[in-house]
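Given next are the chains, with one letter for each unit.
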Amino acid sequence: MIRAMNDPFDRSFRDRTLAGETLLGLFLDLGSPASADVCAVAGYDWLLVDLEHGAATEADLPGLLRAVDLGGPTALVRPQSGERIRIGRALDVGARGIMVPRLDSADQAREAVTYLRYPPDGIRGVATRVRGAGLGVVGHADVKRLNERVVGIIQIESVGGLRDADAIAAIDGVDVLFVGPLDLSYALGAPGDLTTPAFQAALQRVLHAAQGAGKAAGYLVPDGAIAARMAQEGWQFLAVGSDTTLLAAAVSGHLRTAREAHG
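Residues numbered from 1 in each chain as written. Predicted model: local features only at pLDDT ≥ 70, side-chain atom pairs only at ≥ 80, totals over all residues. Heavy atoms only, no water.

Here we look at the pairing of strand β1 (residues 23-28)
Part 1 of the argument: Most of β1 is tucked away: 5 of the 6 residues are buried.
Part 2 of the argument: Bridge analysis of β1 against strand β8 (residues 237-242) gives 4 bridges, and the strand direction is parallel. Residue Phe 27 lies in a different strand from β8, and its bridge partner there is Ser 242.
Part 3 of the argument: This β-α-β element, β1 to helix α3 (residues 33-40) to strand β2 (residues 46-50), shows right-handed connectivity. (Buried < 20%, exposed > 50% of the residue type's maximum accessible area, 1.4 Å probe, protein only. Helix = DSSP H or I, 4+ residues; strand = E, 2+ residues; numbered from the N terminus. Pairing = 2+ DSSP bridges. Right-handed = clockwise from strand over helix to strand, strands pointing away.)

See the structure below:
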């Protein structure tokens, strides 16, 4: 399952994303290679190192991405921001896809996609010696082929992003519209309430925008039961929590059971 780094042109994960397959993943918040190892062998389709809200830094990425690759899932990164240098660094270290946070318009999404691609399709800086370009095995004539494997995930978590959902989904290089539920709930004026009619209507807007453009719709859910329900509704790119939330739930749950049994 370490085929991703053995074949620098492998685009099978992106193909699966655009083919409508349901892909289950997990956010890696702890910044721990040991946690990444454990999660990587669990059978997820993808694991995402979260540099926006997680404990990891860019300096931690090489070890974390190697742990994910060795276990089999596709390694993704959410950088601290959608800046060109932040996206480029994550790709150079070996991320096979980027989740871009905090975009407010189709114009911003269109610009962000150029950071995912080498020229002439984009403006990603060219360095063929890096891990994300095959460690020097890819010749300049084939550099453009590396563009085809990168999965572009744009977060919809603002009023502007929601307004432009159809236009964002239509952009070549945007493969997934991924809802940031808490940020979107705040933007819609109901902090943390994911049950309001406005929030539910927003979810349907994003889902229909993605499906209408032949792209995947993604969402972060707290557990497998909700993931299964949303998959039936058409959501394809689902994060089933994070290593932080799963660890916290397991620790507190087992401790509570032990104390209750002890009396």
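Now that the structure is up, let's keep going.
Topic: helix α11 (residues 197-212)
Part 1 of the argument: Relative to the 22 Å expected for 16 residues at 1.5 Å per residue, α11 spans 22 Å between its end C-alpha atoms, a close match to the ideal helical length.
Part 2 of the argument: For α11, every residue scored as buried is listed here: Phe 199, Ala 202, Leu 203, Val 206, Leu 207, Ala 209 and Ala 210. Angular distribution of buried residues about the axis of α11 spans 165°; they occupy a single face of the element. In α11, the exposed residues that point more than 90 degrees away from the buried face are Pro 197 and Gly 212. (Expected span 1.5 Å × (residues − 1). Arc of directions from axis to C-beta.)

Observations concerning the sheet that holds β8
The strands that make up a sheet pair up through hydrogen bonds in the backbone, lying either parallel or antiparallel.
Part 1 of the argument: A barrel is described by the order of its strands in space; here 8 strands give the closed sequence β1-β2-β3-β4-β5-β6-β7-β8, paired in parallel fashion. Going across the sheet, the axis of each strand differs from the next one's by a mean of 25°, ignoring polarity.
Part 2 of the argument: Strand contacts of helix α4 (residues 61-71): β1, β2 and β3 (74-78), with the helix running at about 150° to β3, the strand carrying the most contacts.
Part 3 of the argument: The strands touched by helix α13 (residues 243-262) within the sheet are β1 and β8, with β8 carrying the most contacts at an inclination of about 45°. (Axes fitted to C-alpha atoms, helices over the stretch in contact; angles between N-to-C directions. Contact = heavy atoms within 4.5 Å.)

Some words on the side chain of Ser 158
Part 1 of the argument: Its location among the elements puts Ser 158 in the loop between β5 (151-156) and α8 (159-163).
Part 2 of the argument: Residue contacts for Ser 158: discarding those within four places in its chain leaves Leu 103, Asp 104, Leu 184 and Ala 187.

A word on the pattern of salt bridges
Part 1 of the argument: Taken as a whole, this structure holds 15 salt bridges when the rule is applied.
Part 2 of the argument: Where Asp 50 meets Arg 78, a salt bridge forms, and the shortest distance between an N and an O atom there is 2.6 Å. Of the two residues, Asp 50 is situated in strand β2 and Arg 78 in strand β3; the sequence distance between them amounts to 28 residues.
Part 3 of the argument: Across the salt bridge formed by Glu 233 and Arg 229, the nearest N and O atoms sit 3.1 Å from each other. Here the residue Glu 233 and the residue Arg 229 both occupy positions in helix α12 (residues 224-233), the gap between them amounting to 4 residues, near one helical turn.
Part 4 of the argument: Residue Arg 229 is classed as partly exposed on the basis of its relative accessible area, which comes to 44%.
Part 5 of the argument: Each of Arg 16, Glu 21 and Asp 45 takes part in a single network of salt bridges with overlapping partners. (Salt bridge = Lys/Arg side-chain N within 4 Å of Asp/Glu carboxyl O.)

Re the packing of aromatic side chains
Part 1 of the argument: Applying the stated criterion across every chain, the model contains 5 aromatic pairs.
Part 2 of the argument: An aromatic cluster is built from Phe 13, Phe 27, Trp 46, Phe 178 and Phe 237, whose rings are joined through pairwise contacts.
Part 3 of the argument: In this structure, Arg 145 is placed above the aromatic ring of Phe 9, and the distance from its NZ or CZ to the ring centre is 3.7 Å. (Phe/Tyr/Trp six-rings, centres within 6.5 Å; stacked < 30°, edge-to-face > 60°. Lys NZ or Arg CZ within 6 Å of the ring centre and 35° of its normal.)

Considering a nonpolar patch on the surface
Part 1 of the argument: A cluster of nonpolar side chains, namely Leu 30, Leu 247 and Val 251, defines an oily patch on the protein surface of about 250 Å² accessible area.
Part 2 of the argument: When you line up the elements, Leu 247 lands in helix α13.
Part 3 of the argument: Leu 247 gets classed as partly exposed once you look at its relative accessible area, which sits at 47%. (Patch = residues over 30% accessible without salt bridge, like charges linked within 9 Å, V, L, I, M, F, W, Y side chains within 5 Å. Areas by Shrake-Rupley, 256 points an atom, 1.4 Å probe, with all protein chains shown as cover.)

Quick notes on unusual backbone geometry
What is expected of a backbone is that most residues other than glycine have negative phi and most peptide bonds are trans.
Part 1 of the argument: Following Pro 119, the chain continues into Pro 120 via a peptide bond in cis, with omega recorded as 5°.
Part 2 of the argument: Its place among the elements puts Pro 120 in the loop between α6 (106-114) and α7 (143-146).
Part 3 of the argument: With a phi close to 55°, Arg 102 is a non-glycine residue in the positive phi region.
Part 4 of the argument: Turning to its location among the elements, Arg 102 is positioned in the loop between β4 (97-100) and α6.
Part 5 of the argument: For Arg 102, a relative accessible area of 43% puts it in the partly exposed group.
Part 6 of the argument: Residue Leu 135 is not a glycine yet carries a positive backbone phi of 55°.
Part 7 of the argument: Along the chain, the position of Leu 135 falls in the loop between α6 and α7.

Considering α12
Part 1 of the argument: Between a side-chain oxygen at the N-terminus of α12 and the backbone nitrogen of Ala 225 the separation is 3.1 Å; the capping residue is Asp 223.
Part 2 of the argument: Looking one or two residues past α12, Gly 234 carries a phi angle of roughly 115°, positive in sign. (Polar contact = N/O pair within 3.5 Å; in protein donor to acceptor, adjacent residues only side chain to side chain.)

A short note on the environment of Gly 234
Part 1 of the argument: Take Gly 234: it is sitting in the loop between α12 and β8.
Part 2 of the argument: The spatial distance from the C-alpha of Gly 234 to the C-alpha of Gly 218 is 9.5 Å, given a sequence separation of 16 residues.
Part 3 of the argument: Once you skip the residues sitting within four places of it in the chain, Gly 234 turns out to touch Leu 207 and Gln 211.

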